[in-house]
Amino acid sequence: MADQLGRFAWYELLTTDVAAAGAFYRKVVGWGVKDESTPELPYTVLRSGDIPLGGLMDIPEEGRRSGATPRWMGYVAVDDLDRAAAQIRRLEGTIFVPPTDTNIGRIAVAADPQKATFGLIEKPTYGRWKPGRLDEPGRVGWHELLAADRTVIFDFYKELFGWQKADAQTDPADWYQLFSAGGQTVGGMLTKLSSVAQPCWLHYFNVDDIGAATKHVNAGGGRILQGPIELPDGCWIARCVDPQGALFALQGAGGHAGIEPFSASEVGWSAKWGGIASQGRIVLPKPKR
């Protein structure tokens, strides 16, 4: 557990159709899908090989009535959940679900001061393996915060989880802030477009072949919002939405399945690419993954 503290240790998809979502991600990412429901809670576990990494569950009826929509949520491991929840409130964040014992461990659901939601987990039932390489197929390889204002939100996460700014090898005023957890660069933060209604976390799933994976997205009823785009290190990324409407992203090699000819280290991010990126013309740094 000590290896996971301050890191994303579990991922959960709240959806409107668990069976369909499980079949979709099995084809797109290659995850194993296993029903591990209890009498109290229907729950499906996603596995990368033998490693459990996330779960699928229906949006609770109360949530549906209040307008909740399908979404992925990452849980960050902490050693003292009650203390972390109190710290979130002190830092002007919000606790939506107070510390609660569940089938995946003791959890809380929170939002940062700009309303991006995330989870906290203490003593997880699953996910006690040592952190692996960020490029391992089937794992979650990158975490991206689409913030209301990325220049001020970093301090919240630094104080809460001990995250550090990572050298982006670009001008300090650049739009994208890399961050590290436990000495490993695991994600970045950017300011979202004004057309994006709500700040959120976007999680990148590793695939062997980005061309094949994006074809499965389209064939399975999802949509590609951005990309595939080739980064300077040769990694390709695509931002997507699943058939039920949950945002996610893919990253991996170009592969041999064929992709649309879009490749540049200099990219103009704009609303026409799904409205989930930052405005402005930027030069992508070589990511430390």
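Since this is a predicted model, take the numbers as computed values, not measurements.

A.B. asks: What's the story with the sheet that holds strand S12 (residues 184-191) in this structure? I'm lost.
C.D. replies: What links the strands of a sheet is backbone hydrogen bonding, and the strands pair in either a parallel or an antiparallel sense. Spatial ordering of the open sheet is given by S10-S11-S12-S9-S13-S16-S15-S14, a layout of eight strands whose pairing is mixed. Of all the strands in the sheet, the pair left with one neighbour each is strand S10 (164-165) and strand S14 (223-230). Pairing between strand S15 (residues 236-241) and strand S16 (residues 247-252): six bridges, direction antiparallel. The partner of Cys-240 across the bridge, within S16, is Phe-248.

A.B. asks: So what exactly am I meant to see when it comes to helix H4 (residues 150-161) here?
C.D. replies: An α-helical turn contains 3.6 residues, so any two residues separated by three or four positions project in the same direction. With twelve residues, H4 should reach 16 Å at 1.5 Å per residue; the first-to-last C-alpha distance of 17 Å fits that figure. Those residues of H4 lying buried are Arg-150, Ile-153, Phe-154, Phe-156, Tyr-157, Leu-160 and Phe-161. Each buried residue of H4 lies within a common arc of 160° when the element is viewed along its axis, so the set occupies one face. For H4, the exposed residues set more than 90 degrees away from the buried face come down to Thr-151 and Asp-155. Downstream of H4 by one or two residues, Gly-162 has phi in the positive range, about 80°.

A.B. asks: Got a minute to help me understand the pattern of salt bridges in this structure?
C.D. replies: For side chains bearing opposite charge, pairing can occur when the charged atoms are close. Per the stated rule, a full pass over the model turns up nine salt bridges. For Arg-90, the salt bridge is made with Glu-159, and the minimal N-O distance between the two is 2.9 Å. Of this pair, Arg-90 sits in helix H3 (residues 81-90) while Glu-159 sits in helix H4, placing them 69 residues apart in sequence. A relative accessible area of 52% places Arg-90 in the exposed class. Here Asp-101 ties to Arg-106 by a salt bridge, and the two come within 3.8 Å at their closest N and O atoms.

A.B. asks: Would you explain the packing of aromatic side chains in this entry?
C.D. replies: Aromatic ring pairs are defined here through the distance separating the ring centres and the angle between the ring planes. Applying the stated rule across the entire model yields 25 aromatic pairs. Relative to Trp-201, the ring of Tyr-157 lies with its centre 5.5 Å away and its plane at 90°, an arrangement referred to as edge-to-face. In this pair, Tyr-157 sits in helix H4 while Trp-201 sits in strand S13 (residues 200-207), placing the two residues 44 residues apart along the sequence. No difference in accessibility class separates Tyr-157 from Trp-201, as the two residues are buried. An aromatic cluster of at least three residues, connected via ring pairs, comprises Phe-8, Tyr-11, Phe-118, Phe-156, Tyr-157, Phe-161, Trp-163, Phe-179 and Trp-201.

A.B. asks: Sorry if this is basic, but what is going on with the nonpolar core here?
C.D. replies: Burial of nonpolar side chains together is a common tendency in soluble globular proteins. Within the largest apolar cluster, 54 residues are counted, with the highest numbers of intra-cluster contacts made by Trp-72, Phe-118, Tyr-157, Trp-163, Trp-201 and Leu-250. For this core, the element with the most residues is H4, which contributes six residues. Among all residues touching Trp-201, those that are not within four sequence positions of it are Phe-8, Ala-116, Thr-117, Phe-118, His-143, Glu-144, Leu-145, Tyr-157, Trp-163, Phe-179 and Met-189. Ranked by size, the runner-up nonpolar core spans 15 residues in total, among them Ala-9, Trp-10, Ile-104 and Val-109.

Thresholds applied
- Residues numbered from 1 in each chain as written.
- Predicted model: local features only at pLDDT ≥ 70, side-chain atom pairs only at ≥ 80, totals over all residues.
- Heavy atoms only, no water.
- Pairing = 2+ DSSP bridges.
- Helix = DSSP H or I, 4+ residues; strand = E, 2+ residues; numbered from the N terminus.
- Expected span 1.5 Å × (residues − 1).
- Buried < 20%, exposed > 50% of the residue type's maximum accessible area, 1.4 Å probe, protein only.
- Arc of directions from axis to C-beta.
- Salt bridge = Lys/Arg side-chain N within 4 Å of Asp/Glu carboxyl O.
- Phe/Tyr/Trp six-rings, centres within 6.5 Å; stacked < 30°, edge-to-face > 60°.
- Core = buried A, V, L, I, M, F, W, Y, C linked by side-chain atoms within 4.5 Å.
- Contact = heavy atoms within 4.5 Å.

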